[in-house]
Amino acid sequence: MICKGQLELDEMVKQAQKSTINGKVANYIPALAKAERDVLAVSIFDGADLCFVAGNSEERFTLQSTSKVLTLALALMDCGEDKVFKKVGMEPTGDPFNSISKLETQIPSKPLNPMINAGALAVSSLIKGRTVEEKVQYLLAFIHKLSGNNKITYNKEVAQSEYETADLNRALAYFLKQHHIIDGDVNELIDFYTKQCAIELTCNDLARIGYVLANEGRCADGQEVIPFEIARLVKTFMVTCGMYNASGEFAIKVGIPAKSGVSGCILGAVPNRLGIGIYGPSLDEKGNSVAGMKLLELLAEHYHLSIF
Ligand code: DON
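Residues numbered from 1 in each chain as written. Predicted model: local features only at pLDDT ≥ 70, side-chain atom pairs only at ≥ 80, totals over all residues. Heavy atoms only, no water.

**Student:** Describe the domain arrangement of the protein chain, and please don't skip the residues or the numbers.
**Tutor:** Assigned domains within the protein chain: domain 1 (6-64 + 199-303) and domain 2 (67-197). Here domain 1 and domain 2 have C-alpha centroids that lie 20 Å from each other. Opposite the 36 residues of domain 1 that make contact, domain 2 presents 42 residues. For the pairing of domain 1 and domain 2, the buried interface totals around 3,300 Å² over both sides, and the portion due to carbon and sulfur atoms is 71%. (Domains from an automatic or database assignment. Contact = heavy atoms within 4.5 Å. Buried area = accessible area lost by both parts, 1.4 Å probe.)

**Student:** Requested: an account of the packing of helix α6 (residues 156-165) against helix α8 (residues 186-197), with residues and values cited.
**Tutor:** Where α6 contacts α8, the axes come no closer than 8 Å and their chain directions differ by 140 degrees. Judged by the angle between their axes, α6 and α8 are oblique. Relative to α8, the crossing made by α6 is right-handed. Counted together, Ala159, Glu162 and Tyr163 of α6 and Asn187, Ile190, Asp191, Tyr193, Thr194, Lys195 and Cys197 of α8 form the full contact between these two elements. Partitioned by chemical class, the residues of the contact of α6 with α8 number 5 nonpolar, 2 polar and 3 charged. (Axes fitted to C-alpha atoms, helices over the stretch in contact; angles between N-to-C directions. Helix = DSSP H or I, 4+ residues; strand = E, 2+ residues; numbered from the N terminus. Parallel < 35°, antiparallel > 145°, perpendicular 65-115°, else oblique. Left-handed = near helix turned anticlockwise from the far one by under 90°. Nonpolar A, V, L, I, M, F, W, Y, C, P; charged D, E, K, R; others polar.)

**Student:** Before we move on, can you summarise the site of the ligand with the specific residues and values?
**Tutor:** If you check the shell around the ligand, you find 15 residues, and the closest are Tyr28, Gln64, Ser65, Glu162 and Tyr193. In the environment of the ligand, an oxygen atom lies 3.1 Å from a nitrogen or oxygen atom belonging to the side chain of Asn117. Contact distances for the ligand include 2.9 Å between an oxygen atom and a side-chain N or O atom of Asn169. Summarising the interface, the protein chains cover 99% of the accessible area of the ligand, which totals 340 Å² for the free molecule. The site holding the ligand turns out to be the second largest cavity. Class assignment of the residues belonging to the shell around the ligand gives a composition of 7 nonpolar, 7 polar and 1 charged. Counting only domains with at least three residues in the shell around the ligand, you end up with domain 1 (6-64 + 199-303) and domain 2 (67-197). (Near = heavy atom within 4 Å. Polar contact = N/O pair within 3.5 Å; in protein donor to acceptor, adjacent residues only side chain to side chain. Areas by Shrake-Rupley, 256 points an atom, 1.4 Å probe, with all protein chains shown as cover. 1 Å grid on protein atoms, 1.4 Å probe; cavity = no way out; pocket = protein on both sides within 12 Å on 5 of 7 lines; lining within 4 Å. Sits in = over half its atoms within 2 Å of the grid points.)

So this is what it looks like as structure tokens:
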């Protein structure tokens, strides 16, 4: 079992870490550019223990797109499938995460899936709350339950840095408003979305969240936080769209439901087995952690973690 063989695991981390030189830290959100490129940290949670930890698993990073999995689960729990999927589709795009191109060619003009930015903005517009702050607190309360850590909050500097530079996301949101996918104030939606993306946690927290998804929506103590059917649905999106236009290759090489974020994190959920949290800020051109993906490939191969 994975919790044994610490030496083998350490060796895999060392090997994966070498690939950090093949990527770059995200800089289109200025505050993310401060990250150190050669970092690689990982935590694996099996429901009983954090059974494997390497690197600085207490270092904090922001969720970025990984948050899209959590807002999707929350929106589905609150609004139901019919309402959510009226605003966002279920198909992978094969395009970069922030692409605008398919919005114009689709009829009706709704985003193809909730993992790309346009789809995530549509989902975020469904999160409950009268004000941005209420929505943020509501989402944080959900994340506290998933992770068992009620200290998690968002990083104000990262949120502000993205808010000031989020013109492409604003353009997507205005497009969606024009086509009645979202209503309300676009800047308030961007304010909420950038705070959602700036929620800050550690690999240990991420591994525990992954475990809830892996464990059909139940925490390690058996408490249901996400209904089984929604946990299943969310994991399916992680497989088909979680690594954007690298999702196909990732499914073949790794085969673990996973979601990446441009901070360099990856949330993994091995059904009925493990939650995985990875932080490695060196990214490939598609916005996925280079060393994180390499490590998942090594782990999946060695411990037969592929779901296929
Ligand atoms: O909206 C953005 O561009 C970022 N807040 C999140 C993008 C992201 O994490 C894409 N993931 N790999």
